[in-house]
Amino acid sequence: MATETSVRIEDIMSTPLETISADETVKSAATQMREQNINGIFVPGAQAGIITTTDIVDAVAAGKDLSSATVGDVMTAPVERVTTSLELGEAAAMMTTYDIKHLPVIDEHQDYVGMVSSTDITQALS
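None of these values were measured; they are calculated from a predicted model. (Residues numbered from 1 in each chain as written. Predicted model: local features only at pLDDT ≥ 70, side-chain atom pairs only at ≥ 80, totals over all residues. Heavy atoms only, no water.)

Draft legend 1. Region of interest: the nonpolar core. The biggest cluster of nonpolar side chains holds 14 residues, and the ones touching the most others in it are I9, V82, L103, V116 and I121. Elements supplying a minimum of two residues to this core: α1 (9-12), α5 (88-98) and β4 (102-106). With four residues, α5 is the largest single contributor of residues to this core. For V82, the contacting residues outside a window of four places in its chain are I9, M94, L103, P104, V105, I106 and V116. Ranked by size, the runner-up nonpolar core spans 13 residues in total, among them M33, V43, A69 and V74. (Core = buried A, V, L, I, M, F, W, Y, C linked by side-chain atoms within 4.5 Å. Buried < 20%, exposed > 50% of the residue type's maximum accessible area, 1.4 Å probe, protein only. Helix = DSSP H or I, 4+ residues; strand = E, 2+ residues; numbered from the N terminus. Contact = heavy atoms within 4.5 Å.)

Draft legend 2. Region of interest: the sheet that holds β4. Strand order in the open sheet formed by three strands is β3-β4-β5, with mixed pairing between adjacent strands. With one partner strand each, in any of the chains shown, β3 (82-83) and β5 (112-117) form the two edges of the open sheet. Strand direction decides the pairing type here: β3 and β4, joined by two bridges, are parallel. Note that in β4 the partner of V82 across the bridge is V105. (Pairing = 2+ DSSP bridges.)

Draft legend 3. Quick look at the UniProt feature "domain: CBS" (unreviewed entry) in the protein chain. Taking the numbering used here, the UniProt-annotated feature "domain: CBS" (unreviewed entry) corresponds to residues 13-66 and 75-126. In this annotation, residues 13-66 is assigned 37% helix and 15% strand; the end-to-end C-alpha distance for the span is 30 Å. (UniProt positions renumbered as here; feature names shortened; annotations may be inferred.)

Below you can see the structure in the form of structure tokens.
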């Protein structure tokens, strides 16, 4: 039987990795989040990032014109990331240290393969 300390990110991460282009509109990102029932989408590219519901709320609060804003305008980049083999507790500590709720996951080849959220970690620990 697995103990909490032996649970790895690959055991709880969400796959497939939902992605969106930095050139897409913020509205497209919000629509994709609603349709997929998720709170964060990975933004691939040379300057990889993530757009979350928090990023969108912050943009609204800052008075950004979301009718023309792109994902690249409001996303968080660069983004912290974790490996599939990282233990659950280490990912939780990273989230606490950096005050973040989502971490893209890379495999041994440095390819992005999933996303882990604070909700995933909470469910795994309960």
